[in-house]
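Architecture and fold: a report
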Amino acid sequence: MKKALLIVIVLMTTHFTTAQEWTTPIIDGYGKIKEFKEVATQPDKNLTYNLVFDVKDDREMDGVNIGLWKIARVINMLGSGGISQDKVHIVAAIHGGATFASLNEAKYQEKYEKANPNTELLKLLKEYGVELYVCAQATAARGITKEDLDPNTELALSAMMVLTNYQLKGYALLP
């Protein structure tokens, strides 16, 4: 009897520890998530997700810009929830302290004397279909030219215009 009880306890413990592993199912290596099936709100397969992100912080999460990481996380949650890529439309307005995350390798190396940790994530987000706009007002204020930017980004007049235009088009704002 004790042996059977011990086996049940071991199996339950193993189930609880392995059932909640961090994964990155869509944007490999970035925006880790845990899947939960028995929670109140899940991605809705009947919706189209039009999202605009305000990426302005220079903080990092898992070694990359936290705003870019959050975009990867949302994509991973939506994908693991069964939302197809064609029903996900994401735009990012990169500005403020996050502007330097959008530098190309040469400029980032020149400024920080190390490789840009965001390069791969910018590429993966772009490949997924994320529109990555960098604020021209922010780049001008920081002495950054269009040529200094990562090739997976585009220069926009301002983050304010990106955020305004896409919200007026019905995109939900994610700060």
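Summarised in this report is the structure supplied together with it.

Cut-off values and rules
- Residues numbered from 1 in each chain as written.
- Predicted model: local features only at pLDDT ≥ 70, side-chain atom pairs only at ≥ 80, totals over all residues.
- Heavy atoms only, no water.
- Salt bridge = Lys/Arg side-chain N within 4 Å of Asp/Glu carboxyl O.
- Helix = DSSP H or I, 4+ residues; strand = E, 2+ residues; numbered from the N terminus.
- Pairing = 2+ DSSP bridges.
- Axes fitted to C-alpha atoms, helices over the stretch in contact; angles between N-to-C directions.
- Phe/Tyr/Trp six-rings, centres within 6.5 Å; stacked < 30°, edge-to-face > 60°.
- Buried < 20%, exposed > 50% of the residue type's maximum accessible area, 1.4 Å probe, protein only.
- Lys NZ or Arg CZ within 6 Å of the ring centre and 35° of its normal.

Bringing the pattern of salt bridges into the picture now. The final tally for this structure, using the stated rule, is eight salt bridges. The residue Asp57 makes a salt bridge to Arg59 at a minimum N-O spacing of 2.6 Å. Notably, a salt bridge pairs Glu127 with Lys123, separated by 2.8 Å at the nearest N-O pair. You can see Glu127 and its partner Lys123 sitting in helix α4 (residues 119-128), four residues apart, about one turn around the helix. Through salt bridges with shared partners, a single ionic network connects Lys107, Glu110 and Asp148.

Another aspect to go through is the sheet that holds strand β4 (residues 88-94). Ordered in space as β6-β5-β4-β1-β7, the five strands form an open sheet in which the pairing is parallel. Since the sheet does not close on itself, it has two edges, and those belong to β6 (154-156) and β7 (172-174), each with one partner. Strand after strand, the sheet turns through a mean of 30 degrees between neighbouring axes, direction not considered. Sheet analysis places strand β1 (residues 49-55) next to β7, joined by three bridges and oriented parallel.

The next point concerns the packing of aromatic side chains. Using the criterion set out here, one finds four aromatic pairs in the structure. Aromatic side chains Phe100 and Tyr112 sit 6.3 Å apart centroid to centroid with 85 degrees between the ring planes, which places their arrangement in the edge-to-face category. Highlighted residues: Phe100 in the loop between β4 and α3 (105-112) and Tyr112 in helix α3, separated in sequence by twelve residues. Classification of Phe100 as buried rests on a relative accessible area of 18%. Using a relative accessible area of 37% as the deciding quantity, one classes Tyr112 as partly exposed. For the cation-ring pair, Lys111 lies above Phe100, with the distance from its terminal atom to the ring centre recorded as 4.4 Å.

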